[in-house]
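What follows is each chain in one-letter form.
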Amino acid sequence: MFRIAVLAFTFLFISSATFAQCIDCHQGIEKIRDDNSTMMLRIKAMGASYGDVEGCVICHGGNPKTNNKEEAHQGKPDGMVKGPQNFYPDPGSIWIAEETCGQCHANYVYRVKRSLMNTGAGKIQGNLHTWGIPEVQDYNAPWGNYAVEDTDGPVPNIGTKEYKEYMKAMKAAHPKQFPDKLEQIPQPTVEEIENDPKLAGITYQRQQCQRCHVGVRGREERGDYRGMGCSSCHIIYGNEGFYEGNDPTIDKKERGHMLTHKIYGTREAGGIPVETCNSCHNRGKRIGVTYQGLMEFPYGSPFTGKPGGGKQPKLHTKKYLFIADDLHHQIKSRPENPSGGMLCQDCHTTIDVHGDGNISTTTLAQVEIECQDCHGTPEKYPWELPMGYGEEFGRTLPQTSRGLSQNILPESAMGTVYPARDGYLKTTRGNPFGNVVKDGEKVIMHSATGTDFKVPLLKKIKEDNTWKSVNAEVAMSKVGKHNDSLECYACHASWVPQCYGCHVQMNYGKDENGQPYHDTDWISSGSQRTADGQTAESRLGTKGIQSPGKAFETRSYIRWEEPVLGINGEGRVTPLMPGCQLVYTVIDREGKVIALNQMAQSEDEARDIGQEHVPAGIDMAPVQPHSSQRKARTCESCHNNPKAQGYGISGGVFLTRQAEEVIEDLIDQKTGKVIPKQYQIQIGKIDGLDFDWSTIVDKDGNQVQTVGTHWPLSRSLTKEMRDGMNRTGLCMGCHREMSNAELWEKAATPGQVSDEVHIELMNKMFKAYVKDK
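If you're wondering where the values come from, they're calculated on a predicted model, not measured in any experiment.

(A) Representation of a nonpolar patch on the surface within the structure. The grouping of Ile 759, Leu 761, Met 762 and Met 765 at the surface amounts to a nonpolar patch, some 380 Å² of accessible area in total. In this structure, Ile 759 sits in helix α30 (residues 755–772).

Following this line, the structure appears as structure tokens:
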């Protein structure tokens, strides 16, 4: 059939030579794909039947038989039934993609519309929970960016039989995380907000958080330029937003254009660069910029070499500090591997990104991969593990091995197809990785960059005794609880961006010019669509639909080192990061403060963890931070660290007066009274916040703030865990005898003793103890 179409195309190429062509005006524009690719051959064959030998109309629509710009950029080719029904400037727009991308990529549009990439349901539930909005308490997630419904039932429309059965059971077990439908997030009036100030959280959500979804184009800021829908990822934009191709009709000095007219996504077409993902993944969990090694910080130092020697330019409206990029991102060569880093798509599957047709309201619901899917454990190779390993969600797993697959998903066949060798590895939910194969004793990961990587297998390392150190062997192989209860990144993610305290002022008053504050409402903008697939904010130079109010934000402090540990929704120990540690202030239309430094409470968390003390609504969120390092956290960074255990930095002894106003002026040191009659409050109070932001467990063992809002199992480490891992103060086991001069003189070595000598001395004492026992 395809060969017949190509012959027809050849005939029509000759017969249509007298027609005007899109290329007459767009002379020099890049081919969306290579001329010899299957995709391009098919597009050209389809386009030829409408008098367009280049196939432009198959994606863009319009009239290919005129050189008049206005006439060319409207309507559809004569006789076109299936395909574009209008001229589409961005054929990837999710609102018309069924007529464009969907011609060849069946079910993708249905899936994406219900995926987190479009609904943003997890962000909405998580953030509004910290504002105390009742509808999202108790893990409920009723709202998305748009109203959507899962009309094809509980079984995903993509995946293996095993995957579909697995996910049907998951949906039945967790109906709140896999709802049948979502309603559009509401828009309260200013009057309603003034009567109930916490509703300002919905304005904040619609203006600040929801710009990152594929239903809209996104804001025109450095690093945030992108297309819509499918084009959000598959058409790349430089951070500066300039077009660098050869189409004479595109202004090369105007920001907001694609880099070139080229589609990305496969090894042949070119993998999708990490920075493309980061046009969105730079806030919230910040996993994209973290993967690159970046953490936002306010200073912008050191000075740059740009004219004037100023501070660094803002990226994603922020300035950054480079900490350390994820080991998978690092370009320098690895042992037994070529140089070059990995792309997001090398690990993340089509379901992770596009969804599976069911509605998910959290990342853990939609993402199907675990570290062990490729690396295995010291006891089992990946194919020997049961399905569900790494995301137990409190279940007892069957001991049946998941095995290998000899086939890839049909959807993967539209991309680069790699030989199966001994078989494709499977995700923990039972789908084959199309780019990860077993080849003898090796596992090979085929990157979309064009590089093939050998994957380290923990069981092979154990069998060959090729551990990098004794520490690695003990932590990964000898302490069984680590593999049973920890996420791999609980140790390997040795840093996490930690923006403690999110102070938001929602101001519905007037600016310095006397004009009412307003800002872009990304939900309203995405809901106002035109026949060409565009939304209210999608044309360059426009700011979309504005809504009353404007957000002003600041932080308490920023850290990156030694993240706090807690339990995630899967029931495993994981790093935590400040999710939405929200304290809000609301100003009404008259400029009056109607809510000052308010902090919600989390009664649903108290019920779930079974304690009387009600935690604050501020959230420390379980996270896969995407900051893994070859050198993992040290044993001491968890076992000898109150912060890691949840007790706060230095055991939570600092920042304990946040519930009090702080006045700094002339003070009577006897009474504490302020001497001048005219003074100002230096630091305002936050009622109820009598602990440091990094503290999630107080000295009495009460959980004092929320840990995750999406899953019932997420919480602080249990008392049993904390007591079992806490080894703080062990130095005094020996050093308390320094008070016994006679004994210490006999035991001690003169002068300072190095760590190595300390370790050997303790090892000798241990062996002597065992010998005498």
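More follows now that the structure is in view.
(B) View of the packing of helix α8 (residues 121–131) against helix α11 (residues 200–209). It is at 10 Å that the axes of α8 and α11 come closest, and there the two elements cross at 145°. Crossing of α8 against α11: the hand is right-handed. Facing α8, whose interface residues are Lys 123, Ile 124, Asn 127, Leu 128 and Trp 131, α11 presents Ala 200, Gly 201, Ile 202, Tyr 204, Gln 205 and Cys 209. Here the residues of the contact of α8 with α11 sort into 7 nonpolar, 3 polar and 1 charged.

(C) Seen up close, empty space enclosed by the protein. Considering all chains together, one arrives at 2 cavities of 30 Å³ or more under this definition. Quantified by volume, the largest cavity comes out at close to 60 Å³. When its residues are assigned to classes, the lining of the largest cavity shows 2 nonpolar, 6 polar and 3 charged.

(D) Structural view of the pairing of strand β18 (residues 616–622). Of all the 7 residues making up β18, 7 are buried; the element is thus mostly covered by neighbouring parts of the structure. Residues Ala 616, Ile 618, Met 620 and Pro 622 line one face of β18 and the alternating positions Gly 617, Asp 619 and Ala 621 line the opposite face, and both faces are buried. Two elements, strand β15 (residues 573–578) and β18, share 3 bridges in a ladder whose sense is antiparallel. Bridge pairing links Leu 576 to Pro 622 in β18.

(E) The arrangement of the sheet that holds strand β3 (residues 181–184) in detail. Across the sheet, which stays open at both edges, the 3 strands sit in the order β1-β3-β2 with mixed pairing between neighbours. Whereas interior strands pair on both sides, the edge strands pair on one side only; in this sheet they are β1 (143–144) and β2 (148–149).

(F) Spotlight on the packing of aromatic side chains. Tallied over the full model, the rule gives 8 aromatic pairs. Within the aromatic cluster, the residues linked to one another by ring pairs are Trp 131, Tyr 204 and Tyr 584. The aromatic ring of Tyr 108 is capped on one face by Arg 111, whose charged end is 4.6 Å from the ring centroid. Of note, Arg 529 hangs over the ring of Trp 95, and the distance from its end group to the ring centre comes to 3.5 Å.

(G) Here's a closer look at the sheet that holds β15. Ordered by their spatial adjacency, 5 strands build an open sheet running β19-β18-β15-β14-β20, and the pairing between neighbours is mixed. Only two strands of the sheet have a single neighbouring strand rather than two, namely β19 (705–706) and β20 (715–716). Bridge analysis of β18 against β19 gives 2 bridges, and the strand direction is parallel. Following the sheet pairing, Ala 616 is matched in β19 by Gln 705.

(H) Region of the structure containing unusual backbone geometry. Between Ser 301 and Pro 302 the backbone carries a cis peptide bond, its omega angle lying at 0°. Note on placement: Pro 302 falls in the loop between β4 (294–296) and β5 (320–322). Residues other than glycine seldom take positive phi values, yet Arg 286 does so here, at roughly 60°. Mapped onto the secondary structure, Arg 286 falls in the loop between α13 (274–277) and α14 (287–291). The class of Arg 286 is buried, set by a relative accessible area of 8%. With a phi close to 50°, Phe 393 is a non-glycine residue in the positive phi region. With respect to the secondary-structure elements, Phe 393 resides in the loop between α18 (372–375) and β6 (423–426). Since its relative accessible area comes to 8%, Phe 393 is described here as buried.

(I) Representation of the pattern of salt bridges. Under the counting rule described, the total for this entry stands at 34 salt bridges. Linking Asp 35 and Lys 44 is a salt bridge whose minimum nitrogen-to-oxygen distance equals 2.8 Å. A relative accessible area of 29% means that Asp 35 is categorised as partly exposed. Residue Lys 44 is classed as buried on the basis of its relative accessible area, which comes to 12%. Among the ionic contacts, a cluster of salt bridges with common partners joins Lys 31, Asp 35, Lys 44 and Glu 54.

(J) Layout of the layout of surface pockets. Considered as a void within the structure, the second largest pocket measures approximately 1,000 Å³ in volume. Lining the second largest pocket are 32 residues, with Gln 208, Arg 219, Arg 283, Thr 317 and Glu 553 sitting closest to its centre. Secondary-structure elements contributing two or more residues to the lining of the second largest pocket are α11, β11 (518–520) and β13 (550–561). The biggest single contributor to the lining of the second largest pocket is β13, with 9 residues. Considered class by class, the residues forming the lining of the second largest pocket number 7 nonpolar, 10 polar and 15 charged.

(K) Representation of the pairing of β15. Judged by how many residues are buried, β15 sits mostly within the fold: 6 of 6 residues are covered. Looking at chain direction, strand β14 (residues 565–567) and β15 are connected through 3 bridges and run antiparallel. Opposite Ile 567, over in β15, you have Val 573 as the bridge partner. Between β14 and β15, which follow one another and run antiparallel, lie 5 residues, and Gly 571 among them has a positive phi close to 90°.

So, how was this worked out
Residues numbered from 1 in each chain as written. Predicted model: local features only at pLDDT ≥ 70, side-chain atom pairs only at ≥ 80, totals over all residues. Heavy atoms only, no water. Patch = residues over 30% accessible without salt bridge, like charges linked within 9 Å, V, L, I, M, F, W, Y side chains within 5 Å. Areas by Shrake-Rupley, 256 points an atom, 1.4 Å probe, with all protein chains shown as cover. Salt bridge = Lys/Arg side-chain N within 4 Å of Asp/Glu carboxyl O. Helix = DSSP H or I, 4+ residues; strand = E, 2+ residues; numbered from the N terminus. Axes fitted to C-alpha atoms, helices over the stretch in contact; angles between N-to-C directions. Left-handed = near helix turned anticlockwise from the far one by under 90°. Contact = heavy atoms within 4.5 Å. Nonpolar A, V, L, I, M, F, W, Y, C, P; charged D, E, K, R; others polar. 1 Å grid on protein atoms, 1.4 Å probe; cavity = no way out; pocket = protein on both sides within 12 Å on 5 of 7 lines; lining within 4 Å. Points joined across faces, edges and corners; volume = space filled by probe spheres on them. Buried < 20%, exposed > 50% of the residue type's maximum accessible area, 1.4 Å probe, protein only. Pairing = 2+ DSSP bridges. Phe/Tyr/Trp six-rings, centres within 6.5 Å; stacked < 30°, edge-to-face > 60°. Lys NZ or Arg CZ within 6 Å of the ring centre and 35° of its normal.

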